[in-house]
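Each chain, letter by letter, is given below.
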Amino acid sequence: MDYGIPVTLDLPFAEAVERVRAALAEQGFGILTEIDVRATLRAKIGEEIEDYLILGACNPPLAHRALQADRRIGLLLPCNVVVRADGGRTVVEAMDPQLMVRVTGQPALQAVADEAATRLRGALAALAAPAR
């Protein structure tokens, strides 16, 4: 089962993170949580990995609609977006919102998942587009 929507950018990690934040904001997403996985693994267990950030993106109207359809959907929210270094490039992957429907089997979530997927794909497409 594929559960992510990926794009690879020819950008350094820090620049990619800033562009991801802006692209998500353009699609109505705010960042509720931010987990610096690299720093956490270094601090907690002394392990080193590449730059790896998990952004918990939320579009409040969509989250509200999803919660109206299924109160337990909070277990699958917010929409996680991973930004990770990969050599000299940066990979950005968004959780596919269709997972909400597949995991829960709730048809009432389909419209929310469709809109969230459209918005996330729009953000990723904007990242992949040539700079103006």
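Residues numbered from 1 in each chain as written. Predicted model: local features only at pLDDT ≥ 70, side-chain atom pairs only at ≥ 80, totals over all residues. Heavy atoms only, no water.

K.L.:
How would you sum up the environment of Val83? Please name residues and give values.
P.N.:
Relative to the helices and strands, Val83 is located in strand S4 (residues 79–86). Residues Val83 and Tyr52 lie 31 residues apart in sequence; the distance between their C-alpha atoms is 5.8 Å. The residues touching Val83, leaving out its near neighbours within four places in the chain, are Phe13, Val17, Val20, Asp51, Tyr52, Leu53, Leu55, Thr90, Val91 and Val92. (Helix = DSSP H or I, 4+ residues; strand = E, 2+ residues; numbered from the N terminus. Contact = heavy atoms within 4.5 Å.)

K.L.:
Residue-level account of the packing of helix H3 (residues 60–69) against helix H5 (residues 110–128), with values.
P.N.:
The geometry of H3 relative to H5 is characterised by a closest axis approach of 9 Å and an angle of 160° between their N-to-C directions. Relative to H5, the element H3 lies roughly antiparallel. Regarding H3 and H5, the two cross each other, and that crossing is left-handed. Taken together, the residues of H5 that come into contact with H3 (itself represented by Leu62, Arg65 and Ala66) are Ala111, Val112, Glu115, Ala116 and Arg119. Class assignment for the residues of the contact of H3 with H5 results in 5 nonpolar, no polar and 3 charged. (Axes fitted to C-alpha atoms, helices over the stretch in contact; angles between N-to-C directions. Parallel < 35°, antiparallel > 145°, perpendicular 65-115°, else oblique. Left-handed = near helix turned anticlockwise from the far one by under 90°. Nonpolar A, V, L, I, M, F, W, Y, C, P; charged D, E, K, R; others polar.)

K.L.:
Requested: an account of the pairing of strand S3 (residues 52–58), with residues and values cited.
P.N.:
The buried fraction of S3 is high, at 5 of 7 residues. For S3 and S4, the ladder comprises 6 bridges, and the chain directions are antiparallel. The residue of S4 that forms the bridge with Ile54 is Val82. (Buried < 20%, exposed > 50% of the residue type's maximum accessible area, 1.4 Å probe, protein only. Pairing = 2+ DSSP bridges.)

K.L.:
Can you tell me about the nonpolar core, naming the residues and giving the values?
P.N.:
Membership of the largest hydrophobic core comes to 24 residues, with the highest contact counts inside it found for Val20, Leu24, Val81 and Val92. Among the secondary structure elements, those contributing two or more residues to this core are strand S1 (4–9), helix H1 (13–26), S3, S4, strand S5 (89–95) and H5. When residues in this core are grouped by element, the largest group, 6 residues, is from H1. Discounting residues that sit within four places of it in the chain, Val20 has contacts with Leu55, Val81, Val83, Val92 and Leu127. The next biggest cluster of nonpolar side chains, apart from the first, holds 9 residues, and it includes Leu62, Val101, Val112 and Ala113. (Core = buried A, V, L, I, M, F, W, Y, C linked by side-chain atoms within 4.5 Å.)

K.L.:
Can you lay out the environment of Val101 for me, pointing to particular residues and giving the numbers?
P.N.:
Counting through the fold element by element, Val101 comes out in helix H4 (residues 98–104). Residue Val101 is classed as buried on the basis of its relative accessible area of 13%. For the pair Val101 and Asp114, spaced 13 residues apart in sequence, the C-alpha separation works out to 9.7 Å. Residues in contact with Val101, not counting those within four places in the same chain, are Gln106, Leu109, Gln110 and Ala113.

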